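This is what each chain is made of:
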Amino acid sequence: MRWDNLLSDDSALFGADAVTTRTFDTPEFRGVTFHEIRARSILNRVPGASRLPFEWTVNPYRGCTHACVYCFARKTHSYLDLDTGLGFDSQIVVKVNAPDLLRRQLASARWQGEHIAMGTNVDCYQRAEGRYRLMPGIIAALRDHANPFSILTKGTLILRDLDLLREAAAVTEVGISVSVGFIDETLWRTVEPGTPAPERRLDVVRTLTGHGIGCGVLMAPVIPFLGDSPGQLRATVRAIAASGATSVTPLVLHLRPGAREWFMAWLTEHHPHLVRRYERLYAEGPYAPKWYQRRITRHVHELAQEYGIGPSPSTQPRAPITDTTRVRPRDERPTQLTLL
Ligand code: SF4
């Protein structure tokens, strides 16, 4: 494993001697290996050329047991010589010193208190967080420095930190987005096998908004031919609206290298009749054609209006992370933001 070559989506390089490998013999972690490392840096600057609505990110984990078949962060595991398929789902890098490091870096005279986005690479509330509990220390550090931040997640575990989030929201700008691309249970079980059910994620939205923390929904990904029928879109937007979400932002599935191979293998196994249609739809590259994206966006926005929920305004300074742009790390290898 190339720990010296850990991709700098967070500019952090690690020495091989800093790695401790662990497994836990509990049902939720069976088959999962954790690589605990001590990061040298935890604040990652998004390259200036990026059109992302934030400049700084914090990513305490690499790899994600939520195991979404389409996850765009899969490719980043290859930079560690780790497998981008099952390896991404089961070989989890944990930056165990993330809270202490962040607190130190926030206190630095050079730090200007900019917005920090989390959940930009992998889910910071994936199952590992239940054991490692890095987020409470991270949020506490941000609260203590009144530093604005946002979190995008599929994890219901975020509710464990509700009190901390409220305390932070009392002193700084806190933006939370939950990702729910569809509510079809059959589709969820096969394509997002390690995630909490969509309805449970919407319960998170309900609880957060009920406690005065506004929460938007990133409706992502909308999966062509499997989750994009008018009935499915309507049911999803209706459920999102009923959850009290402050906004809904639709985003069509992207298939980039690393995710594309894994997703197409899944499609071949579960929906072989769709393989040719996907090859045609994604013939030009990782994005579905503009006409298709526009059609979905317009449809969702119309439904959102009907159900009385606004899309995320394009002028919003800290919009949810939407994977519409790519981050170019300093070493020129591509990394991506995920559709959490
Ligand atoms: S899409 Fe998000 S939640 Fe799903 S595996 Fe990737 S990082 Fe985890």
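Residues numbered from 1 in each chain as written. Predicted model: local features only at pLDDT ≥ 70, side-chain atom pairs only at ≥ 80, totals over all residues.

Trainee: Which residues make up the overall build of the protein, and what values go with them?
Mentor: Along its length, the protein carries 12 helices and 11 strands. Within the protein, the fraction of its 340 residues that count as buried is 46%. Taking all contacts inside the protein whose residues are at least 6 apart in sequence as the whole, residues at least 24 apart take part in 80%. (Helix = DSSP H or I, 4+ residues; strand = E, 2+ residues; numbered from the N terminus. Buried ≥ 20, exposed ≤ 12 C-beta atoms within 10 Å, placed from the backbone. Contact = placed C-beta atoms within 7 Å.)

Trainee: Help me get a handle on the sheet that holds strand β5 (residues 61-62), residues and values and all.
Mentor: The mixed open sheet is built from 4 strands, whose spatial order is β1-β2-β6-β5. Every interior strand has two partners, whereas the edge strands, β1 (20-23) and β5, have only one. Two elements, strand β2 (residues 33-37) and strand β6 (residues 91-95), share 5 bridges in a ladder whose sense is parallel. Counterpart to Ile37 in the pairing with β6 is Lys95. (Pairing = 2+ DSSP bridges.)

Trainee: Residues and numbers for the packing of helix α5 (residues 135-144) against helix α6 (residues 162-171), please.
Mentor: Look at α5 against α6: their axes get within 9 Å of each other, and the N-to-C directions meet at 20 degrees. In terms of orientation, α5 and α6 fall into the roughly parallel class. Crossing hand, α5 versus α6: left-handed. Contacts between α5 and α6 involve Pro136, Ile139, Ala140, Leu142 and Arg143 on the former and, on the latter, Leu164, Leu165, Glu167, Ala168 and Val171. Tallied by class, residues from the contact of α5 with α6 come to 8 nonpolar, no polar and 2 charged. (Axes fitted to C-alpha atoms, helices over the stretch in contact; angles between N-to-C directions. Parallel < 35°, antiparallel > 145°, perpendicular 65-115°, else oblique. Left-handed = near helix turned anticlockwise from the far one by under 90°. Nonpolar A, V, L, I, M, F, W, Y, C, P; charged D, E, K, R; others polar.)

Trainee: Residues and numbers for the nonpolar core, please.
Mentor: Ranked by size, the top nonpolar core spans 82 residues in total, and within it Ile138, Val217, Met219, Ile240 and Val248 carry the most contacts. When residues no more than four places from it in sequence are discounted, the contact partners of Ile240 are Val180, Leu202, Val217, Met219, Ala245, Val248 and Ile309. (Core = buried A, V, L, I, M, F, W, Y, C linked by C-beta atoms within 7 Å.)

Trainee: How would you summarise unusual backbone geometry if you had to cite specific residues and measurements?
Mentor: Along the chain, Ala220 connects to Pro221 via a cis peptide bond; the corresponding omega equals -10 degrees. Tracing the backbone shows Pro221 in strand β10 (residues 215-222). The phi angle at Asp81 is positive, at roughly 65 degrees, despite the residue not being glycine. Its place among the elements puts Asp81 in the loop between α1 (74-78) and α2 (86-90).

Trainee: Mind laying out α5, listing which residues take part and the relevant values?
Mentor: Where α5 is concerned, the buried positions are Met135, Ile138, Ile139, Ala141, Leu142 and Arg143. Those residues of α5 that are buried lie in contact with β4 (56-58), α3 (98-107), β7 (116-118), α4 (128-132), β8 (149-153) and α6.

Trainee: Please give an account of the environment of Gln305 that cites residues and values.
Mentor: As for its placement among the helices and strands, Gln305 is situated in helix α12 (residues 290-306). When the 12 C-beta atoms within 10 Å are taken as the criterion, Gln305 is described as exposed. As a C-alpha pair, Gln305 and Val237 span 68 residues in sequence and 9.8 Å in three-dimensional space.

Trainee: Describe the pairing of β6, with residues and values.
Mentor: The buried count for β6 comes to 5 of 5 residues, which makes it a mostly enclosed element. A two-sided burial pattern is seen for β6, the buried positions comprising Gln91, Val93 and Lys95 on one face and Ile92 and Val94 on the other. With 2 bridges connecting them, β5 and β6 associate as antiparallel partners. What sits directly across from Arg62, in β6, is Val93.

Trainee: Now, about the sheet that holds strand β3 (residues 44-45): what can you tell me, with residues and values included?
Mentor: Reading across from one edge, β3-β4-β7-β8-β9-β10-β11 is the order of the 7 strands in this open sheet, with mixed pairing throughout. Of all strands in the sheet, those bounded by a partner on one side alone are β3 and β11 (248-252). Pairing analysis gives 2 bridges linking β3 to β4, with the strands arranged antiparallel. If you follow Arg45 over to β4, its bridge partner there is Trp56.

Trainee: Please provide a residue-by-residue account of the confidence of the model for the protein, values included.
Mentor: Confidence in the prediction of the protein, expressed as mean pLDDT, is 87, and 85% of residues score 70 or more. Confidence drops under pLDDT 50 across residues 314-340; counting only partners more than four residues distant or on other chains, this segment forms 78 contacts. (pLDDT = per-residue confidence, 0-100.)

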